[in-house]
Amino acid sequence: MRSLPDPTNGEPTRKRRMPRADRERQMMAVAEQVFAERGYVAASMDEIADRVGVSKPMLYEYFGSKEGLLVACIRLARAELLQVTSDACVRPDTPEQMLRQGLIAYFRFITEHQKSWALLRSEAAVVGPSAAGEIEAVRQQQTDLISSTMALYAPAPLDTAPVAEVIVGGCERLALWCERNQDVTPEQAAELVMQLIWFGIAAVVPDTPSPGRG
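The structure presented is a predicted model; accordingly, all values stated were derived computationally and were not measured. (Residues numbered from 1 in each chain as written. Predicted model: local features only at pLDDT ≥ 70, side-chain atom pairs only at ≥ 80, totals over all residues. Heavy atoms only, no water.)

Trainee: Explain the pattern of salt bridges to me, using residue names and the numbers behind them.
Mentor: Inspection of the entire model under this criterion finds 13 salt bridges. Salt-bridge contacts for Glu134 lead to Arg75; the nearest nitrogen and oxygen are separated by 2.9 Å. Residue Glu134 is located in helix H7 (residues 129-151), and its partner Arg75 is located in helix H4 (residues 66-90); the two are separated by 59 residues in the primary sequence. Ionic pairing is found between Glu172 and Arg139, a salt bridge with its closest N-O pair at 2.8 Å. Here the residue Glu172 occupies a position in helix H8 (residues 161-180), and Arg139 occupies one in helix H7, the gap between them amounting to 33 residues. By relative accessible area, Glu172 is classed as buried at 16%. Under the relative-accessibility criterion, Arg139 is labelled partly exposed at 23%. (Salt bridge = Lys/Arg side-chain N within 4 Å of Asp/Glu carboxyl O. Helix = DSSP H or I, 4+ residues; strand = E, 2+ residues; numbered from the N terminus. Buried < 20%, exposed > 50% of the residue type's maximum accessible area, 1.4 Å probe, protein only.)

This is how it looks when you write it as structure tokens:
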């Protein structure tokens with residue numbers, strides 16, 4: 001029987017190299033888990049590298065430092081959070097529905113991505129200026145989203161930014177409480193926020209269909 005030709009010509013087969021973007025996401029996924037399990041201070045680059053299956057120098061080559069790796073993890077979580085909350089605010093027709101769906105998406109993200117949420121908690125804010133800046137950027141993006149959404153309906157002179165700050169600050173604390181009371185669903189957490197704040201918002205933001213949808 002005729003034998004098939006050897007495609008390697010006798011040379012050892014080389015392992016296919018993972019694209020840089022995929023490798024970065026793999027490193028961040030493992031780092032996120034280690035940071036969440038041990039806390040930033042106790043987490044080691046040696047353990048992260050070992051779990052990923054790469055050398056510690058490669059981690060430093062990609063992220064520069066342990067704080068740089070943490071910042072990259074927070075930045076990724078921030079982008080994912082913005083995506084899910086902004087998508088939730090697009091579909092509903094009225095400001096009340098938009099706010100409620102955005103809140104549900106926020107609390108659902110925290111429930112479904114507890115490792116990411118661990119990176120967004122106040123503990124990370126004391127690590128260093130870069131991490132603190134990323135934590136504040138998370139808060140600011142959610143404030144901007146809520147403020148801009150309410151501004152579509154509010155009278156022109158009304159400054160919606162401070163209202164959004166109150167909502168974001170309250171949600172952050174409520175999320176910490178929900179973490180200790182895991183029987184509370186995202187829908188229940190969102191409804192609690194709505195019961196506390198919507199009456200005041202409705203006084204200045206009429207619950208009318210979105211412009212262009214009525």
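Trainee: Just give me the short version of the packing of H7 against H8, but keep the residues and values in it.
Mentor: Taken N-terminus to C-terminus, the directions of H7 and H8 make an angle of 130 degrees; their axes are 8 Å apart at the nearest point. Taken together, the axes of H7 and H8 lie oblique to each other. The way H7 lies across H8 gives a crossing that is right-handed. Residues Arg139, Gln140, Gln142, Thr143, Ile146, Ser147 and Met150 of H7 touch H8, and the partners they reach there are Ala161, Val163, Ala164, Glu165, Ile167, Val168 and Glu172. Looking at the contact of H7 with H8, its residues break down into 7 nonpolar, 4 polar and 3 charged. (Axes fitted to C-alpha atoms, helices over the stretch in contact; angles between N-to-C directions. Parallel < 35°, antiparallel > 145°, perpendicular 65-115°, else oblique. Left-handed = near helix turned anticlockwise from the far one by under 90°. Contact = heavy atoms within 4.5 Å. Nonpolar A, V, L, I, M, F, W, Y, C, P; charged D, E, K, R; others polar.)

Trainee: If you had to explain helix H1 (residues 20-38) to someone new, which residues and values would you point to?
Mentor: Here H1 is 19 residues long and its end C-alpha atoms lie 27 Å apart, about the 27 Å a rise of 1.5 Å per residue gives. What H1 keeps buried is the set Arg23, Met27, Met28, Val30, Ala31, Glu32, Val34 and Phe35. (Expected span 1.5 Å × (residues − 1).)

Trainee: Let's hear about the environment of Ile197: which residues, and what values?
Mentor: Mapped onto the secondary structure, Ile197 falls in helix H9 (residues 186-202). For Ile197, a relative accessible area of 18% puts it in the buried group. Linking Ile197 and Val163, residues 34 residues apart in sequence, is a C-alpha distance of 9.4 Å. Those residues within four positions of Ile197 in sequence are excluded, and the remaining contacts are Leu99 and Ile167.

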